[in-house]
Amino acid sequence: MKKSDIVKLLIKDRLPGTSGKAFAPTNIALCKYWGKRNSELNLPVTSSLSISLADKGCSAEITIIDQDPDCYFLNDQAIDMSAAFSTRLKNFLDLFRSDKTHFRVDIFANIPIGAGLASSACGFATIVLALNELFAWKLSKHELSILARLGSGSAARSIWHGFVEWQSGERSDGMDSHGVLIQQQWPELCVGLHYLNKQEKKLSSRIAMQRTIETSRLYSAWPNQVQQDLLYIKEAIKTRDFDMLGKTAENNAMAMHATMASAWPPIVYSLEETLSAMQKIWKLREEGLSVYFTQDAGPNLKLLFLKKDLAEVQVHFPSLEIIHPFAEGHYA
Ligand code: PMV
């Protein structure tokens, strides 16, 4: 099955306006997605669960234009149409246009691009939301999540604020593989972005995942761990057990990176600074501070802690960017 078949299944009506505008938050997985069972449709081996980062993310405005070809802008700068990102975006937009339609796409991102801050997740989610406005598709959030997943797997979760589970689904067409909002909120929960290097990563998560599946002997243990971690994290959210949440999320990230380290050639996204920050966090925990971290396909860490510990965490990490995922207006 091809991406275009899924688009045909989902989009019945279109009523083109002239432009569509939307925002999608970036999301950080507490239980990671690592590995695809179908790489054309971005269907995951396991389910995953994330927290969206409030107003951190991407907004996009898509306008139908007369001129050929498309033109794309990121934070008001024209993107070179031969850049890998432009090709990826153009291929994605091809799924939704007739031959004669051309687009101008303006993306505004308030997070670094390609540095493990899920820029592709909020990028593709906002494109789908903006297209939904532009063409008045009136799709449900679950359907929009399926379309966003076709652009980038983790984009399936960026359709919502708050906690979101991306259910792996079982169907080969992936129509049951989409995000589902977890209704619980946790206003005390804070995420701290600890930037160690904002440069674009050299190895994409797509390639890294595939290499891990093909060569890591540890990967066979991963789906079982995810199954258990998802249960713990959902229970922790329900009972507001922060230490259970932090411990499970940190261990899940470490296990994901262990599968990568045991791939061949090895994949290591951490820098020396990443390891020192981890050691600092472990020491702070030994001293009684409830702070945990998670890490994605990049060297930066995302710290997890509660509001009551914010001042103390900031003493140790003064340049931390603090996110309140459940601040007024940032859920559902
Ligand atoms: O959706 P992708 O291809 O950007 O992969 C995301 C991979 C991780 O960020 C490492 C994990 C996750 O679940 O977001």
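It should be emphasised that the depicted structure is a prediction, and the values quoted were computed from it without experimental measurement.

Chemist: How should I be thinking about the sheet that holds strand β10 (residues 189–194) in this particular structure?
Modeler: Whether parallel or antiparallel, the strands of a sheet pair through hydrogen bonds between backbone atoms. Strand order in the open sheet formed by 4 strands is β11-β12-β10-β13, with antiparallel pairing between adjacent strands. In this open sheet, the two strands that pair with only one neighbour each are β11 (292–295) and β13 (321–323). Neighbour-to-neighbour, the strand axes of the sheet open up by a mean angle of 30 degrees, direction not taken into account. One ladder, built from 4 bridges, connects β11 with strand β12 (residues 301–306); its direction is antiparallel. Within the sheet, the bridge partner assigned to Y292 lies in β12 and is L304.

Chemist: Help me understand helix α4 (residues 141–151) in this model?
Modeler: What sets the pattern is the α-helix's 3.6 residues per turn: residues three or four places apart point alike. The buried fraction of α4 amounts to 8 of the 11 residues, a majority that puts the element mostly inside the structure. Within the sequence span of α4, burial applies to L144, S145, I146, L147, A148, R149, L150 and G151. Where α4 is buried, its residues touch α1 (3–10), β3 (43–44), α2 (84–94), α3 (119–134), β8 (163–166) and β9 (179–181).

Chemist: Can you walk me through the layout of surface pockets in this structure?
Modeler: Over the atoms, a rolling probe the size of a water molecule traces out where space has been left empty. Counted as a void, the largest pocket has a volume near 1200 Å³. Examining the composition of the lining of the largest pocket, we find that 6 residues originate from one element, α2, more than from any other. Partitioned by chemical class, the residues of the lining of the largest pocket number 24 nonpolar, 14 polar and 10 charged. The volume enclosed by the second largest pocket comes to roughly 260 Å³. Along the wall of the second largest pocket there are 13 residues; nearest its centre are K201, K202, Y269, L271 and P299. Its residues placed into classes, the lining of the second largest pocket shows 6 nonpolar, 4 polar and 3 charged.

Chemist: Is there a simple way to explain the pairing of strand β1 (residues 19–31) in this structure?
Modeler: Walk down a regular strand and you will see the side chains alternate between the two sheet faces. Of all 13 residues in β1, 10 are buried, a share of seventy percent or more. Summarising the sheet, β1 and strand β4 (residues 48–65) pair through 11 bridges and their orientation is antiparallel. Within the sheet, the bridge partner assigned to K21 lies in β4 and is E61.

Chemist: Which parts of the structure should I look at to understand the packing of aromatic side chains?
Modeler: The description of two aromatic rings rests on the distance between their centres and on the angle between their planes. The full count for this structure, using the stated rule, is 10 aromatic pairs. Residues F92 and F124 carry aromatic rings whose centres are separated by 5.0 Å and whose planes lie at 85 degrees to one another, so their mutual orientation is edge-to-face. In this pair, F92 is assigned in helix α2 and F124 in helix α3, connecting sequence segments 32 residues apart. Overall, F92 belongs to the buried group, its relative accessible area being 3%. Its guanidinium or amino end placed over the ring of F73, R104 lies 4.1 Å from that ring's centre, counting from NZ or CZ. Positioned above the aromatic ring of F317, the side-chain terminus of K280 is 4.5 Å from the ring centre.

Chemist: When you look at the site of the ligand in this model, what are you seeing that I'm missing?
Modeler: Neighbouring the ligand are 14 residues, the closest being Y33, S152, S154, R157 and D296. The contact in question runs from an oxygen atom of the ligand to an N or O atom on the side chain of S120, over 3.4 Å. S154 is positioned such that a nitrogen or oxygen atom in its side chain is 2.6 Å from an oxygen atom of the ligand. Within the complex, 92% of the 390 Å² of free accessible area of the ligand lies under protein. Here the ligand is seated within the largest pocket.

Chemist: Honestly, the state of the cysteines in this entry has me stumped. Any pointers?
Modeler: By definition, a disulfide links the sulfur atoms of two cysteine residues through a covalent bond. Evaluated as defined, the whole model comprises 0 disulfides. For C58, which is in no disulfide, the shortest distance to another cysteine sulfur is to C122 and amounts to 3.5 Å. Judged by relative accessible area, which is 2%, C58 ranks as buried.

What counts and what doesn't
Residues numbered from 1 in each chain as written. Predicted model: local features only at pLDDT ≥ 70, side-chain atom pairs only at ≥ 80, totals over all residues. Heavy atoms only, no water. Pairing = 2+ DSSP bridges. Helix = DSSP H or I, 4+ residues; strand = E, 2+ residues; numbered from the N terminus. Axes fitted to C-alpha atoms, helices over the stretch in contact; angles between N-to-C directions. Buried < 20%, exposed > 50% of the residue type's maximum accessible area, 1.4 Å probe, protein only. Contact = heavy atoms within 4.5 Å. 1 Å grid on protein atoms, 1.4 Å probe; cavity = no way out; pocket = protein on both sides within 12 Å on 5 of 7 lines; lining within 4 Å. Points joined across faces, edges and corners; volume = space filled by probe spheres on them. Nonpolar A, V, L, I, M, F, W, Y, C, P; charged D, E, K, R; others polar. Phe/Tyr/Trp six-rings, centres within 6.5 Å; stacked < 30°, edge-to-face > 60°. Lys NZ or Arg CZ within 6 Å of the ring centre and 35° of its normal. Near = heavy atom within 4 Å. Polar contact = N/O pair within 3.5 Å; in protein donor to acceptor, adjacent residues only side chain to side chain. Areas by Shrake-Rupley, 256 points an atom, 1.4 Å probe, with all protein chains shown as cover. Sits in = over half its atoms within 2 Å of the grid points. Disulfide = S-S within 2.5 Å.

In short, shape yes, function no, at least from these values alone.
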